[in-house]
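# Analysis of the macromolecular model
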Amino acid sequence: MAQDPHTAVTNEPEDSAVTLAAEQEAVLQPPSEGTQGETQHPTGEGLEHIEGYRRPEHFAPEAWTAPTATLPDIGEASFGPPPLAPETVHGPDDRVQINNTSVYPWRVHCYLLITARDNALYQGTGWLLGPHTLATAGHVVYIKGSGVAGRDGWVKSIQVMPGRNGASLPYGSITCTSFRSVLGWTQNGDENFDYGAIITPSNIGSTTGWFGFGVWSDSDLLKTTGNIAGYPGDKPSGTMWYAARGIDSVAPRKVYYDIDTAGGQSGSSVYRIDSNGRYGFAIHAYGGSRVNSGTRFTTPVFNNYVAWKA
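Residues numbered from 1 in each chain as written. Predicted model: local features only at pLDDT ≥ 70, side-chain atom pairs only at ≥ 80, totals over all residues. Heavy atoms only, no water.

In this section: the overall build of the protein. Secondary structure summary: the protein contains six helices and 19 strands in total. In the protein, which comprises 310 residues, the share counted as buried stands at 58%. Total accessible area computed for the protein in this model is approximately 11,900 Å², and 50% of it derives from carbon and sulfur atoms. (Helix = DSSP H or I, 4+ residues; strand = E, 2+ residues; numbered from the N terminus. Buried < 20%, exposed > 50% of the residue type's maximum accessible area, 1.4 Å probe, protein only. Areas by Shrake-Rupley, 256 points an atom, 1.4 Å probe, with all protein chains shown as cover.)

See below:
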């Protein structure tokens, strides 16, 4: 009997069909702003409020190649170096740097320093969705097909740095060794199931807050503004950058968008702003020549994250 690719797996010793219900009511887990520090309120247009930032209009893409990062993007461990799996800027670079990273919602985004099984170092991005749980890409926590002896499999450890701003670590660094993903990624390497989680040994999310997450219909997502913040490797080391734009298209297990990203942002939240709450609806994982893409929150994905944040 074939195994469900959404079957959860962990590095510690449902139904296989994607449940979309195209026009059903959204299924949500709520966000939290945390118990410490300030909160930045969004605009009324589904965007974060950053002085001078306006959502750019759609334009024809141009070729762009990211410079080499200080640390390689974790995606290179499974997919090889660019241009095999770039997370790309299309045309003019619309990203803006976030300097007040200790303020909600920015402190929810975490810089990840990843140590593979063979001690190779990589960088990535994750985001808090509960008191002790981060969402990220599956290839952040489990390396597939590197071709390097002793590198594939669950990573050895991840240093989680909420709201990192260059040399500043407003919430310190947390060593994490407990990870989650699903068989569709760890066994099959299928990009449609490229999602995972990091379990922290502390309840840091109770202080920083976290994002909600949910399942929405195709038609709803196509009307949504997507927001992405994370740690691109083509910018100064450990600095956070943000961009936003409308959703280009959706597929049963993926969301496509022309929001500028670069290597290092694997695992970033693709989120929407509803009634002043931030809700993830995809996890950024891949680049492309015209659009970038993330793993969509479908009902099985949603259910796994509910279990992982418990």
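This structure, assessed with the given rule, holds 17 aromatic pairs. With 6.0 Å between their ring centres and 40 degrees between their planes, Tyr 195 and Trp 308 make a pair best called tilted. Separated by 113 residues along the polypeptide, Tyr 195 in the loop between helix 3 (183-186) and strand 12 (196-199) and Trp 308 in helix 6 (residues 299-309) bring together distant segments of the chain. One exposure class covers both Tyr 195 and Trp 308, and it is buried. In textbook terms, an aromatic cluster arises when at least three aromatic residues are bridged by ring pairs, as seen for Tyr 104, Trp 127, Tyr 195, Phe 211, Phe 213, Tyr 271, Phe 297, Phe 302, Tyr 305 and Trp 308. (Phe/Tyr/Trp six-rings, centres within 6.5 Å; stacked < 30°, edge-to-face > 60°.)

Turning to the sheet that holds strand 1 (residues 8-10), a few remarks are in order. As summarised here, the arrangement of the eight strands in space is 1-11-12-6-5-4-9-10, forming an open sheet in which the pairing is antiparallel. Both edges of this open sheet fall to strand 1 and strand 10 (174-176), since each of them pairs with a single strand only. Direction aside, neighbouring strands of the sheet carry axes that sit 30 degrees apart on average. Sheet topology note: the strand 9 (residues 157-162)/strand 10 ladder contains three bridges and is antiparallel. Residue pairing in the sheet places Gln 159 in a bridge with Thr 175 of strand 10. Seen against the sheet, helix 6 touches strand 1, strand 6 (133-136), strand 11 (178-182) and strand 12 and runs at an angle of roughly 5 degrees to strand 12. (Pairing = 2+ DSSP bridges. Axes fitted to C-alpha atoms, helices over the stretch in contact; angles between N-to-C directions. Contact = heavy atoms within 4.5 Å.)

Let us now look at empty space enclosed by the protein. Roughly 50 Å³ of volume is contained in the largest cavity. Around the largest cavity sit eleven residues that line it, and Gln 123, Pro 232, Gly 233, Ser 237 and Gly 238 are the ones nearest its centre. Among the residues forming the lining of the largest cavity, the class breakdown is four nonpolar, six polar and one charged. (1 Å grid on protein atoms, 1.4 Å probe; cavity = no way out; pocket = protein on both sides within 12 Å on 5 of 7 lines; lining within 4 Å. Points joined across faces, edges and corners; volume = space filled by probe spheres on them. Nonpolar A, V, L, I, M, F, W, Y, C, P; charged D, E, K, R; others polar.)

It is worth spelling out the side chain of Ser 266 at this point. Relative to the helices and strands, Ser 266 is located in the loop between strand 16 (254-257) and strand 17 (269-274). Overall, the relative accessible area of 1% leaves Ser 266 in the buried class. A distance of 3.2 Å separates polar atoms of two side chains, one belonging to Ser 266 and the other to Asp 73. Engagement of the side chain of Ser 266 in a polar contact is seen with the side chain of His 139, the distance being 3.1 Å. (Polar contact = N/O pair within 3.5 Å; in protein donor to acceptor, adjacent residues only side chain to side chain.)

As a further point, take the state of the cysteines. Evaluation of the coordinates by the stated rule reveals zero disulfides. Cys 110 takes part in no disulfide bond, and the closest cysteine sulfur, belonging to Cys 176, lies 8.9 Å away. (Disulfide = S-S within 2.5 Å.)

Counting buried residues along strand 18 (residues 277-286), ten of its ten residues qualify, which places the element largely inside the surrounding structure. The pairing of strand 13 (residues 212-215) with strand 18 spans two bridges and is classified as parallel. Paired with Gly 212 across the two strands is Tyr 279, which belongs to strand 18. Inspection of the sheet shows strand 17 paired to strand 18 by six bridges, in the antiparallel sense. When the bridges of strand 18 are listed, Ser 269 appears paired with Ile 283. The hairpin formed by strand 17 and strand 18 contains two residues between the paired strands, and Ser 275 there has a positive phi angle of roughly 50 degrees. For strand 18 and strand 19 (residues 292-296), the ladder comprises four bridges, and the chain directions are antiparallel. Residue Tyr 286 lies in a different strand from strand 19, and its bridge partner there is Ser 293.

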